[in-house]
Amino acid sequence: MTESLPDLSKPFALRADTVRDFRRDGHVIVHALAAEHEVAAFRPALLEAGEATRHERRPLAERDTYGKAFLQMFNLWRHNEVAKAFVFARRFARVAAELMEVSGVRLYHDQALFKEPGGGATPWHQDQFYWPLATTHTITLWMPLVPVTTDMGLMTFASGSHALGSLGDFARAPTGPLAAGDASFHAGFTLHSTPPNRTATMREAMTVIYFEDGARVGPLDHPNRRFDRDVWLRGCEPGDLAAGRLNPVLYTRAAG
Ligand SMILES: O=C(O)CCC(=O)C(=O)O
């Protein structure tokens, strides 16, 4: 089933100024990380995996803020081999490693984030608040599976917020329209949000979260971090290498 798929293993030529921008701002756009025809080849299986793993069935009006913000489906890679080939794409993982300037990355988890027509805003937040990882080398790839316009609820980042412990005022950096296969990357501590989807089209986006290979599990000093350890780093204790059954190495420079 996966032999006829586009090959997502070949390196992407990342520009040096993109790495510099990521280091400074904590977010960056990488246009055409996947070609539109490549995304189109993976999309049906990603949608199938998303639908099969979706728990949310209530109408929008009956949901809380995050429930209105998006349909959220986790670890599609475990559902079918095509989704696995997409999430494990060496091309994507290598860009994640190069942006973080580390030699290898592991998977934390993937999520499909589909903002429905009329779906609400995603509140400003920092992802890494939830993650018991003792490293700041964490990154999320966010890739639309369909072309997305500014009124569909696109990522908006607070530039430079990844480097600050406490939150202040930031230059806001909304992303412009993106083609299917373009991707944004943001660091775990980069503050970000998305506005509502004011269109009649589902904003389909796939995300993959990576962390530096060699990172250790951090303190479980908050219920959210205990929850995340139990789900994504099962069996790993604080101080252990963050390298559970669900955290394969997706890229290592040593392998070329
Ligand atoms: O897709 C969205 O609306 C928000 C995405 C997000 O918060 C994330 O990928 O960390």
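Now for a quick tour of the structure. (Residues numbered from 1 in each chain as written. Predicted model: local features only at pLDDT ≥ 70, side-chain atom pairs only at ≥ 80, totals over all residues. Heavy atoms only, no water.)

### Quick look at the site of the ligand
How we decide: We call a residue near a molecule or strand whenever a single non-hydrogen atom of that residue lies within 4 Å of it. By the criterion applied in these results, polar contacts are pairs of N or O atoms within 3.5 Å in which, for protein atoms, one can donate a hydrogen and the other can accept it, and in which residues neighboring in sequence qualify only through two side-chain atoms. Per-residue and other accessible areas follow the Shrake-Rupley method at a 1.4 Å probe size, with only the shown protein chains counted as cover for residues. Under the DSSP-based scheme used, a helix requires at least four consecutive residues in state H or I and a strand at least two consecutive residues in state E, with every element numbered from the N terminus.
Near the ligand there are 14 residues, and of these Thr 122, Trp 142, His 192, Thr 194 and Arg 203 occur at the shortest range. Between the ligand and His 125, the relevant distance is 3.0 Å, taken from an oxygen atom to a side-chain nitrogen or oxygen of the residue. A distance of 2.9 Å separates an oxygen atom of the ligand from a polar side-chain atom of Arg 203. Contact with the protein chains hides 97% of the accessible area of the ligand, taken as 290 Å² for the molecule alone. Of all the elements in the fold, those that place two or more residues in the shell around the ligand are β3 (104-115), β4 (122-125), β5 (138-144), β9 (192-194) and β10 (203-212).

### Considerations on a nonpolar patch on the surface
Put simply, the rule reads: To count toward a patch, a residue needs a relative accessible area above 30% and no salt bridge. Like charges then connect within 9 Å, nonpolar side chains (Val, Leu, Ile, Met, Phe, Trp, Tyr) within 5 Å. Whenever Lys or Arg places a side-chain nitrogen within 4 Å of a carboxyl oxygen from Asp or Glu, that contact is recorded as a salt bridge. Throughout, exposure labels follow a simple rule: accessible area from a 1.4 Å probe, protein chains only, divided by the maximum for the residue type, with under 20% read as buried, over 50% as exposed, and the rest as partly exposed.
A contiguous nonpolar surface patch, about 250 Å² in accessible area, is contributed by Tyr 66, Phe 129 and Tyr 130. Its place among the elements puts Tyr 66 in helix α3 (residues 65-69). Accessibility expressed as a relative area gives 32% for Tyr 66, which makes it partly exposed.

### Some remarks on the side chain of Thr 122
So the rule is basically this: Here, two residues are considered to be in contact whenever any of their heavy atoms come within 4.5 Å of each other.
Counting through the fold element by element, Thr 122 comes out in strand β4. A polar side-chain atom of Thr 122 sits 3.0 Å from a polar atom in the side chain of Lys 115. In terms of polar contacts, Thr 122 uses its side chain to reach the side chain of Thr 194, at 2.7 Å. Apart from the residues within four sequence positions on either side, Thr 122 is in contact with Tyr 66, Ala 69, Phe 70, Lys 115, Ser 193 and Thr 194.

### A short note on the packing of aromatic side chains
Test applied: Pairing of aromatic rings covers Phe, Tyr and Trp, the last counted by its six-membered ring, and requires centre-to-centre distances within 6.5 Å; plane angles under 30 degrees mean stacked, over 60 mean edge-to-face, and any other angle means tilted. Placement of a charge over a ring requires the Lys NZ or Arg CZ to be within 6 Å of the ring centre, with the centre-to-atom vector within 35 degrees of the ring normal.
Tallied over the entire structure, the rule returns 8 aromatic pairs. Through successive ring pairs, a cluster of aromatic residues spans Phe 42, Phe 86 and Phe 92. Over the ring of Phe 129 we find Arg 225, and its NZ or CZ is 5.2 Å from the ring centre.

### A short note on the environment of Gly 50
Mapped onto the secondary structure, Gly 50 falls in helix α2 (residues 36-53). A residue is classified by how much of its surface remains accessible, and Gly 50, at 1% relative accessible area, is buried. Separated by 28 residues in the primary sequence, Gly 50 and Phe 22 place their C-alpha atoms 30 Å from one another. Ignoring anything within four residues of it in the chain, the contact list for Gly 50 reads Met 73 and Leu 76.

### A few points about helix α1 (residues 16-25)
Put simply, the test is: Starting at the helix axis, one direction is taken to each C-beta atom, and the arc is that of these directions.
Restricting attention to buried positions, one finds in α1 the residues Thr 18, Val 19, Phe 22 and Asp 25. Projection of α1 onto a plane perpendicular to its axis shows the buried side chains occupying an angular sector of 150°, all on one side. For α1, the exposed residues set more than 90 degrees away from the buried face come down to Ala 16, Arg 23 and Arg 24. Turning to α1, the residues buried within the fold contact β1 (27-30), α5 (90-100), β5, β6 (156-159) and β8 (183-187). Looking one or two places after α1, you find Gly 26, whose phi comes out positive at around 80°.

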